[in-house]
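Each chain, letter by letter, is given below.
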Amino acid sequence: MYQRSYVKEVLYQIIDGSITSIIAITGPRQVGKTTIALQAGNQLTNLRIPWKYISLDNIQSDVIGWPEKVVQNISNVSHIDIAPNEQLLISHWEKARMDSLHSDNGFVLILDEIQNIPHWSNIVKALWDADRIKNYPLQIVILGSAPWGMLTGLNESLLGRFDEIPITHWSFPEVAKVFGFSVEEYMFLGGYPGALKRILKDKNLTNWKSHILRSILKPAIDRDIVGLQRVRKPALMRHLVDLAPRYSSQIISYDKLLGHLQDAGNISTITRYLDLLSDAGLMTRLSRYTSSPHLGKRSSPKLNVLNTALMTAISGYSIEEACQDHSFWGRIVESAVGAHLLNTKEIATRVYYWRDKKNLFEVDYVIQRGPHLLAIEVKTRNISSHSGLTEFQSHFPHAKTMIVGPSGIPFNEFFAYTTNEWIQDQCE
């Protein structure tokens, strides 16, 4: 079975990292977090390190009661309404403690879909702190279908107890190696491995589309966003999820976006909901690049899906039909390039778009890392004129430029390298 590079990272954290931190594997739904954890577990078996995997998704309620000695380790437990799911979490943790004491190599407990447990962060914090006091040789790995900030909540501080390993969407080299799809197929179908398997099996897009909509989008909204955050208008959020991917790769004013939404509220509501979609790994909004960042944040956003399947699955197009619609295909290609830049960038790297004040010239993406500035234009046809890049350099002379497409770097070559590798190659 194919192993993503994250497996080595998880294994390193377990074996060579310090046991003073919990390992948190987070990221969007359906990108292979569980597979990564299980593959790391199989390698633990080869190293004779005992481990156990527990899925906390759709667990049963007929479980044993809350162990008394565990209750003593949890502060402020009196105000917590103890649910059966919480009891199950603590029961597994308590057993793992005992197993760690009977092992020469400690014990690793992997807890999947941790967000399904009410008050899980309070419970985990208390149990982990108690483990450190008693020096249990127990390593905890937790998995959640959301970024760390969304999982823990805005008012929850778990700093110092977790090492996060964020998992991103599959890249073109991974999809090509495992599924054999061409770069054009990848740009249309995206990088959800579970959905891609259905195409290989059924030879049509019906089940692929159903998987994207029912197994990814719906639970991401209902369980990961509405279920974990304070969303006052869930109907508005669902409408936004249906609308926003249709504008991927386009600059759209907030007023225009509000005009397409029912009961839209105000701009601050829309911006917050778009940020939640970004946190969930679905799509994001890019600001206009300026030398004064606060001015760029006031500009109209450019929307960009983080996996092109989210825009093509709702389009009704086949791959052939999408290629024939040059306007739509151009937006797919540009969105794929933007998604790759966003998914592979490091935390200190920023991605923007650029448009001059008179709206005469535009650059698709601007990448900034420290003093380095890289402007990128995406082309689906061989075009000799690149006035947007020329105008951008007239405003920012130190910037480097790059063309992705037939007249520049081929798409398959572009997708083979990360954002920071391109910055290093073009700017340093």
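For the structure itself, look to the data block above.
These figures come from a predicted structure and were not determined experimentally.

**Considering the packing of aromatic side chains**
Phase 1: The full count for this structure, using the stated rule, is 16 aromatic pairs.
Phase 2: On the numbers, 6.3 Å between centres and 55 degrees between planes, the contact of phenylalanine 172 with phenylalanine 415 is tilted. Taken together, the positions of phenylalanine 172 in helix H7 (residues 172–179) and phenylalanine 415 in the loop between helix H19 (411–414) and helix H20 (419–427) put the pair 243 residues apart, joining distant regions of the chain.
Phase 3: On the basis of relative accessibility, which here comes to 1%, the residue phenylalanine 415 falls in the buried class.
Phase 4: Measuring from centroid to centroid gives 4.8 Å for phenylalanine 392 and phenylalanine 396, while their planes differ by 40 degrees, and the two rings are tilted.
Phase 5: Above the ring of tryptophan 128, the side-chain terminus of arginine 132 is found at 3.9 Å from the ring centroid.
Phase 6: Between the NZ or CZ atom of lysine 302 and the centre of the ring of tyrosine 365, over which it lies, the distance is 4.1 Å.

**A few points about the pairing of strand E10 (residues 372–378)**
Phase 1: Among the seven residues of E10, six are classified as buried, and the element is accordingly described as predominantly covered.
Phase 2: Across five bridges, the pairing between strand E9 (residues 362–369) and E10 is antiparallel. What sits directly across from tyrosine 365, in E10, is isoleucine 376.
Phase 3: Connecting E9 to the antiparallel partner E10 that follows it, the hairpin turn spans two residues, and glycine 370 within it adopts a positive phi of roughly 60 degrees.
Phase 4: One ladder, built from five bridges, connects E10 with strand E11 (residues 400–404); its direction is parallel. Each residue of the ladder has a partner; that of valine 378, found in E11, is valine 404.

**Description of the sheet that holds strand E2 (residues 51–55)**
Phase 1: The five strands lie next to each other as E2-E3-E4-E1-E5, forming an open sheet whose pairing is parallel. The open sheet is flanked by E2 and strand E5 (162–166), the only strands paired with a single partner. Averaged over all pairs of adjacent strands, the angle between strand axes in this sheet comes to 20 degrees, irrespective of strand direction.
Phase 2: In this sheet, strand E4 (residues 138–144) lies alongside strand E1 (residues 22–26) in parallel orientation, the contact comprising four bridges. Note on E4: the bridge partner recorded for alanine 24 is isoleucine 142.

**A short note on the sheet that holds strand E8 (residues 350–355)**
Phase 1: What the four strands build is an open sheet, ordered E8-E9-E10-E11; its pairing is mixed. With one partner strand each, in any of the chains shown, E8 and E11 form the two edges of the open sheet. Neighbour-to-neighbour, the strand axes of the sheet open up by a mean angle of 30 degrees, direction not taken into account.
Phase 2: With five bridges joining them, E8 and E9 adopt antiparallel strand pairing. Residue pairing for E9: arginine 355 is matched across the bridge by glutamate 362.

**Section: unusual backbone geometry**
Phase 1: A positive phi is found at glutamine 30, a non-glycine position, where the angle reads about 65 degrees.
Phase 2: The partly exposed category is assigned to glutamine 30, whose relative accessible area is 33%.
Phase 3: For serine 249, which is not glycine, the phi dihedral falls at a positive 80 degrees.
Phase 4: Within the secondary structure, serine 249 sits in the loop between helix H11 (234–243) and helix H12 (254–259).

**Here we look at the packing of helix H1 (residues 6–15) against helix H2 (residues 33–46)**
Phase 1: Two elements in contact, H1 and H2, have axes separated by 9 Å at closest approach and are oriented at 55 degrees. Taken as axis vectors, H1 and H2 run oblique relative to one another. Taken as a pair, H1 and H2 cross one another with a handedness that is right-handed. The residues of H2 that touch H1, namely those facing Tyr6, Val7, Val10, Leu11, Ile14 and Ile15, are Ile36, Gln39, Ala40, Gln43 and Leu44.
Phase 2: Considering only residue class, the contact of H1 with H2 consists of nine nonpolar, two polar and no charged.

**A look at the pairing of strand E7 (residues 302–305)**
Phase 1: Taking every second residue as pointing to the same face, both faces of E7 are buried, with Lys302 and Asn304 on one and Leu303 and Val305 on the other.
Phase 2: Where strand E6 (residues 283–286) meets E7, four bridges bridge the pair, whose relative direction is antiparallel. Bridge pairing links arginine 285 to leucine 303 in E7.

**Regarding H11**
Phase 1: When H11 is considered as a whole, its buried residues turn out to be Leu236, Met237, Leu240, Val241 and Leu243. On an axial view of H11, the arc spanned by its buried residues comes to 170 degrees, and they lie on one face.
Phase 2: Where H11 is buried, its residues touch helix H10 (206–225), H12 and helix H13 (267–279).

**Overview of the side chain of glutamate 334**
Phase 1: The topology assignment puts glutamate 334 in helix H17 (residues 326–344).
Phase 2: When neighbours within four sequence positions are excluded, glutamate 334 is seen to be in contact with Ser249, Lys302, Asn304, Asp364, Tyr365 and Val378.

So, how was this worked out
- Residues numbered from 1 in each chain as written.
- Predicted model: local features only at pLDDT ≥ 70, side-chain atom pairs only at ≥ 80, totals over all residues.
- Heavy atoms only, no water.
- Phe/Tyr/Trp six-rings, centres within 6.5 Å; stacked < 30°, edge-to-face > 60°.
- Helix = DSSP H or I, 4+ residues; strand = E, 2+ residues; numbered from the N terminus.
- Buried < 20%, exposed > 50% of the residue type's maximum accessible area, 1.4 Å probe, protein only.
- Lys NZ or Arg CZ within 6 Å of the ring centre and 35° of its normal.
- Pairing = 2+ DSSP bridges.
- Axes fitted to C-alpha atoms, helices over the stretch in contact; angles between N-to-C directions.
- Parallel < 35°, antiparallel > 145°, perpendicular 65-115°, else oblique.
- Left-handed = near helix turned anticlockwise from the far one by under 90°.
- Contact = heavy atoms within 4.5 Å.
- Nonpolar A, V, L, I, M, F, W, Y, C, P; charged D, E, K, R; others polar.
- Arc of directions from axis to C-beta.

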